[in-house]
Amino acid sequence: MLAYRFACRSLPMLMFTSALACGRTDTAVLTDTGTGTTDTDGTTTAASTTGPDLPTTTAPTSSTGTIGGTETGATTDSTTGPGTDTAVTSTDGTDGTLTDGTATATSTSTSTTTTTTGDTDSTTGPPPICGDGQVDAGEECDDGDLVDLNACSNACIAAECGDGVLHELLGEECDDGNDIEEDGCSTGCRLPICGDGVVQIPEECDDGDLDDGDDCTNACTIAVCGDGVVQVGVEACDDGNDLDTDDCLVGCVLAECGDGIVHELLEACDDGNDIHDDACTNACALATCGDGILQMDEECDDGNGLDDDACTTLCKLAVCGDGFVLAGTEACDDAGDSPTCDSDCTLAQCGDAHPNLASGEACDDGGDSPACDSDCTLAQCGDQTVNGAAGETCDSGTETATCDDDCTAVACGDEVVNESAGEVCDHGGPSPTCDLDCTFAACNDGVINSAAGESCEDGNLAEGDGCSSKCKAHKVVFATSQGFDGNLGGLVGADMKCQVAAQAAGLPGTYRAWLSDDTGSPVSRFTKSTIPYARRDGVLIANNWADLIDGTLAAPINLSELKTPPGADANVCGGTSQLTFTNTIVSGTMFTDFTDCQNWTSNAPGFTGGGQWNKADGLWTQFVCQQSCAWKKPIYCFMQ
């Protein structure tokens, strides 16, 4: 059939026999541009031509729709040549328009009948055929071309939406030949698109508007939470994801502080409560020092960023030692001792009673103390700082003539040897090796050192002067170098004579005469010596008083104060010489009261008694013979 139609459409429209061969017996309704006339109601009467009359035929009526263009078909008159087809008749009373882009023909009529008188066709030429460019009876159109998908098919049928043929040249996007609107091709031969108002597969809805916030989105999906489109009046937000941590929750509810969900892009935390002083504030911010809210382990939080008020930026109450200077209260605060600040937040200063090692202080007792100098160094003798509290009276840094190396003033006897002050020793007093004057112990150095065994010190090596050459003290005993009669002036006068003799000999001390009378005797008048008695040559007479009166002497008292034999006259009694006046027995008591020359005040011839100065036994003092008070004999003198 296709070959047939193609062949018929391609033959030259010159011979009538060709038309007959193609089976076209119908006659197109034409308007001849030459001699024909057109009826006002659409009836055309062909002009009379040479030849037999043609039978009268009635062309079938056709209905046309708007295809999207106007087609002008070309026809060929059998006698005069091609003509112009200007009318297409519609049977439904509606103006039809065919458009091919070149011409437009419009006719208003319900039917058209053409009558030709005569028994034979008055025209000459081939019979009408589809494709000859002339709309003949039975043809809806005839555009005379071989394009099947334009406004007129190769079967001379007018193209229309719904005919099942896709006429792309006419603007059709599809043509499924049915009147089902929702099957993927609309009755307007359009492919379904979202927004055309027709719900078509795969659309869930199509409201044909551009409002994306109603119940049908611009993507033709039913609005649901999570589709990424905010449904007005229904949803507060819709971000199209299933995250609960952004600014729109899964339920299409705007994220807000206090909903218990941490919205990472908006919030640092969200504990869903209205407790302002826990780990998450009511502003959904993590509790931090400086946010002005007293929270958890904070002591304070004034939120002002100042470190010199009562609340530091660490949210701790200001205290000395926190490293922040509290204005009006602290002079400094270095969180402990520093070179310029004490740990009590006062400026470092020696003498403030606050030891600060960082500032170079070894101690600080607010002044001198037994352990600390006023310059805040440890008290130490030799540091050239006098510290009275530490017992220092001086401190020259070393020993000087006025200061010992123990930082005390120089004083012999302080047990500190100070050679600069001339001390060679200092034992705090006399010692076997050191005298009280801090010189080495030595007899005859002028210092009596009992610890060294010295009992005297006369500065010489002479013996019998009360101090031996070994610095041993003794009581000097001598018999006078001058003889005296009985009138001695009493015991007192006799004592005076001993004293004068001793002084004349350069002897120190006090001397008394070894005499007795009614007024006294040696035992009552003498100082009972505990040290030895020695004569002028240093020879021991007796070790002490008790030894003196025991009846025997260690040696006779045969030397005078001048270390010479005692002086006397030549009188002897009974051939006995070397006599002395004593009237005293060995015990130191009086011999008799009638032999004392009237208490040693008379030199009248009367008798008296005495001993012998050359004797060491009891006769040295006891009555040896009767002497006269007129004789001149020596008397014994004893140092007291």
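Residues numbered from 1 in each chain as written. Predicted model: local features only at pLDDT ≥ 70, side-chain atom pairs only at ≥ 80, totals over all residues. Heavy atoms only, no water.

Some thoughts on helix α3 (residues 490–504)
Next up, step 1: The end-to-end C-alpha separation of α3 is 21 Å, in line with the 21 Å expected for 15 residues at 1.5 Å each.
Next up, step 2: Here α3 has its buried residues at G490, L491, G493, A494, D495, C498, Q499, A501 and A502.
Next up, step 3: Considering only its buried residues, α3 is in contact with β5 (475–479), β6 (511–513), α4 (522–525), α6 (597–600) and β11 (636–639).
Next up, step 4: G506 occupies a position one or two residues after α3 and carries a positive phi of about 80 degrees. (Helix = DSSP H or I, 4+ residues; strand = E, 2+ residues; numbered from the N terminus. Expected span 1.5 Å × (residues − 1). Buried < 20%, exposed > 50% of the residue type's maximum accessible area, 1.4 Å probe, protein only. Contact = heavy atoms within 4.5 Å.)

As for the state of the cysteines
Next up, step 1: Under the definition given, this model contains 25 disulfides.
Next up, step 2: A sulfur-sulfur distance of 1.8 Å marks the disulfide that ties C130 to C156. Sign of the S-S torsion, about 110 degrees for the bond between C130 and C156, identifies this disulfide as right-handed. Of the two residues, C130 sits in the loop between β4 (81–84) and β5 while C156 sits in the loop between β4 and β5, which places them 26 residues apart along the sequence. (Disulfide = S-S within 2.5 Å.)

Let's talk about the pattern of salt bridges
Next up, step 1: Evaluated as defined, the whole model comprises 4 salt bridges.
Next up, step 2: Taking the shortest distance from any N to any O, the salt bridge between E173 and R190 comes out at 3.8 Å. Here E173 is found in the loop between β4 and β5, whereas its partner R190 is found in the loop between β4 and β5, with 17 residues between them in sequence.
Next up, step 3: You can call R190 partly exposed: its relative accessible area is 42%.
Next up, step 4: We note a salt bridge from R525 to D495, for which the minimum N-O separation is 2.5 Å. (Salt bridge = Lys/Arg side-chain N within 4 Å of Asp/Glu carboxyl O.)

Comments concerning the environment of D373
Next up, step 1: Assignment of secondary structure puts D373 in the loop between β4 and β5.
Next up, step 2: Taking C-alpha positions, D373 is 9.6 Å from A362, a pair spaced 11 residues apart along the chain.
Next up, step 3: Sequence-distant contacts of D373, defined by excluding residues within four places in its chain, comprise C363, G367, D368, L378, A379, Q380, D383, T385 and N387.

Quick look at the sheet that holds β5
Next up, step 1: Here 5 strands make up an open sheet; going across it, the order is β6-β11-β5-β7-β8 and the pairing mixed. One side of each edge strand has no neighbouring strand; the edge strands of this open sheet are β6 and β8 (540–542).
Next up, step 2: Alignment of strand β7 (residues 533–534) against β8, held across 2 bridges, turns out to be antiparallel. Pairing of A534 across the sheet is with L540, part of β8.
Next up, step 3: Packed on one face of the sheet, α3 meets β5, β6 and β11 and runs near 135 degrees to β6. (Pairing = 2+ DSSP bridges. Axes fitted to C-alpha atoms, helices over the stretch in contact; angles between N-to-C directions.)

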